[in-house]
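Here is how the chains run, residue by residue.
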Amino acid sequence: MSDTNKDINMAEAPEGYSGAGFFATSFEKVIGLARANSLWPLPFATSCCGIEFMATMGSTYDISRFGSERPSFSPRQADILLVMGTIAKKMGPVVKQVYEQMAEPKWVVAVGACATSGGIFDTYSVLQGIDRVVPVDVYVPGCPPRPEQILDGLMRVQDLAKNESLRRRHSPEYQALLASYNIK
């Protein structure tokens with residue numbers, strides 16, 4: 001085996017039973033593996049964190065290694081809402097509307113200090129974290145975060161997508177979470 005083959009990381013097969021010419025596993029594990037490796041991000045970038053996200057699309061960081069090479073600028077075709085930068089209070093309803101237009105399953109990543117907590121802008125006009133208007137799954141710290149941190153946040157969402165039950169989105173707990181944000 002050459003050294004180049006040792007560097008290739010393959011997606012691990014889910015738990016299951018294998019034999020001569022067959023592999024059997026649960027449908028939930030196969031769906032989780034497919035979801036985790038084909039996440040389409042919707043970048044909602046307003047500030048410098050958006051520039052760092054653009055760097056992840058380049059050849060140096062190559063977000064396409066994770067199945068996210070197609071940024072979707074339509075909420076109906078996106079799986080991940082990446083909110084990057086300062087969000088003014090007047091933009092809060094827009095973020096919520098974009099979230100509501102996304103199809104299930106959907107995940108939200110708050111990228112950077114401004115999206116997670118308002119950052120240095122503790123003023124009357126800046127939303128002090130997008131978790132006040134939509135539920136957030138992953139927080140990426142930094143001001144602005146490095147592209148490696150954004151990729152790490154994407155990998156955390158992949159872990160969530162891979163291990164999420166197909167019925168979790170219909171659970172009473174999830175419905176209560178959405179109701180707490182006044183989301184139908």
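Residues numbered from 1 in each chain as written. Predicted model: local features only at pLDDT ≥ 70, side-chain atom pairs only at ≥ 80, totals over all residues. Heavy atoms only, no water.

**A few points about the packing of aromatic side chains**
- Under the criterion given, the structure shown has 0 aromatic pairs.
- The ring centre of Trp40 lies 4.2 Å from the NZ or CZ of Arg70, which sits over that ring.
- In this arrangement the basic side chain of Arg169 is found over the ring face of Trp107, its NZ or CZ atom lying 5.2 Å from the centre. (Phe/Tyr/Trp six-rings, centres within 6.5 Å; stacked < 30°, edge-to-face > 60°. Lys NZ or Arg CZ within 6 Å of the ring centre and 35° of its normal.)

**A look at the UniProt feature "binding site: [4Fe-4S] cluster" (unreviewed entry) in the protein chain**
- The UniProt entry lists Cys48, Cys49, Cys114 and Cys143 under the feature "binding site: [4Fe-4S] cluster" (unreviewed entry), expressed in the numbering used here. Sequence-wise these annotated residues cover 96 residues; spatially they are packed, their C-alpha atoms never more than 10.0 Å apart.
- With respect to the helices, strands and loops of the structure, Cys49 is situated in helix 3 (residues 48-56).
- Every residue in contact with Cys49, bar those within four places of it in the chain, is listed here: Met84, Gly85, Val111, Gly112, Pro144, Pro145 and Ile150.
- Relative to the helices and strands, Cys114 resides in helix 5 (residues 112-117).
- Cys114 has contacts with Gly85, Thr86, Gly119, Phe121, Leu127 and Gly129, leaving out every residue within four places of it along the chain. (UniProt positions renumbered as here; feature names shortened; annotations may be inferred. Helix = DSSP H or I, 4+ residues; strand = E, 2+ residues; numbered from the N terminus. Contact = heavy atoms within 4.5 Å.)

**Regarding the UniProt feature "domain: NADH:ubiquinone oxidoreductase-like 20kDa subunit" (unreviewed entry) in the protein chain**
- The feature "domain: NADH:ubiquinone oxidoreductase-like 20kDa subunit" (unreviewed entry), as given by UniProt, occupies residues 48-156 in the numbering adopted here.
- With 32% helix and 12% strand, the stretch residues 48-156 has end C-alpha atoms that lie 22 Å from each other.

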